[in-house]
Amino acid sequence: MADNDWKKRLGVVYSTNPDFKYDTPESEEPETPSPDKQNLIVCIDRRNRGGKQVTLVKGFKGKEDDLKDLGKRLKVKCGVGGTAKDGEITIQGDLRDKVVSLLQDMGYKAKRGN
């Protein structure tokens, strides 16, 4: 049933071939560079969050699994919640200084943004 997902075939109008299979191109995730080659920016954000502050870590390049692993390690070390998606790590609260020092201890090039 997963091979016949109609949402993946929205561009195909009609095929008369009974053996037709719609092929979706698989996107390849980029390899994650070593921590010393990552330039991460740590800043604070208050937009669209009901007045709450969050710490954003931007600039991560690499696999989504590595991003989630780094986000989990930061959340555990800071003792707060957050999320990691779309190349960004969100940590609840204003923890910019702590996150920068943790990232630098892990070997990342991290600097504090605005």
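In the block above lies the structure referred to throughout.
1. Thoughts on the sheet that holds strand E5 (residues 109–112)
Overall, mixed pairing links the five strands, which are arranged E3-E4-E2-E1-E5 in an open sheet. The open sheet terminates on both sides in strands that have one partner only, identified here as strand E3 (82–85) and E5. In this sheet, adjacent strand axes meet at a mean angle of 20° when their direction is disregarded. Each of strand E1 (39–45), strand E2 (54–58), E3 and strand E4 (88–92) is contacted by helix H1 (residues 64–78), which is oriented at about 165° to E3, the strand it contacts most.

2. Topic: unusual backbone geometry
The residue asparagine 48 is not glycine, and still its phi comes out positive at about 55°. Tracing the sequence through the fold places asparagine 48 in the loop between E1 and E2. Exposure remark for asparagine 48: the relative accessible area of 83% places this residue in the exposed category. Here the phi dihedral of aspartate 86 falls at roughly 55°; this positive angle occurs in a residue that is not glycine. Tracing the backbone shows aspartate 86 in the loop between E3 and E4. Judged by relative accessible area, which is 70%, aspartate 86 ranks as exposed.

3. What about the packing of H1 against helix H2 (residues 96–105)?
At their nearest, the axes of H1 and H2 sit 11 Å apart, and the two run at 125° to each other. The pairing of H1 with H2 is recorded here as oblique in orientation. Judged by the twist between their axes, the crossing of H1 over H2 is right-handed. Facing Leu70, Leu74, Lys77 and Cys78 of H1, the residues of H2 in contact are Lys98, Val99, Leu102 and Leu103. Broken down by class, the residue content of the contact of H1 with H2 amounts to six nonpolar, no polar and two charged.

4. Points about the side chain of threonine 90
Structurally, threonine 90 can be placed in strand E4. Residues within four places of threonine 90 in sequence aside, it is in contact with Val54, Thr55, Leu56, Gly81, Gly82 and Thr83.

5. Here's the deal with H2
Listing the buried residues of H2 in full gives Arg96, Val99, Val100, Leu102 and Leu103. What you see down the axis of H2 is that its buried residues fit within an arc of 165°, all on one side. More than 90 degrees from the buried face of H2, the exposed residues found are Asp97 and Asp105. Those residues of H2 that are buried lie in contact with E1, E2, H1 and E5. Of the residues trailing H2, glycine 107 is marked for its positive phi of about 100°.

How each quantity is defined
- Residues numbered from 1 in each chain as written.
- Predicted model: local features only at pLDDT ≥ 70, side-chain atom pairs only at ≥ 80, totals over all residues.
- Heavy atoms only, no water.
- Pairing = 2+ DSSP bridges.
- Helix = DSSP H or I, 4+ residues; strand = E, 2+ residues; numbered from the N terminus.
- Axes fitted to C-alpha atoms, helices over the stretch in contact; angles between N-to-C directions.
- Contact = heavy atoms within 4.5 Å.
- Buried < 20%, exposed > 50% of the residue type's maximum accessible area, 1.4 Å probe, protein only.
- Parallel < 35°, antiparallel > 145°, perpendicular 65-115°, else oblique.
- Left-handed = near helix turned anticlockwise from the far one by under 90°.
- Nonpolar A, V, L, I, M, F, W, Y, C, P; charged D, E, K, R; others polar.
- Arc of directions from axis to C-beta.

In short, shape yes, function no, at least from these values alone.
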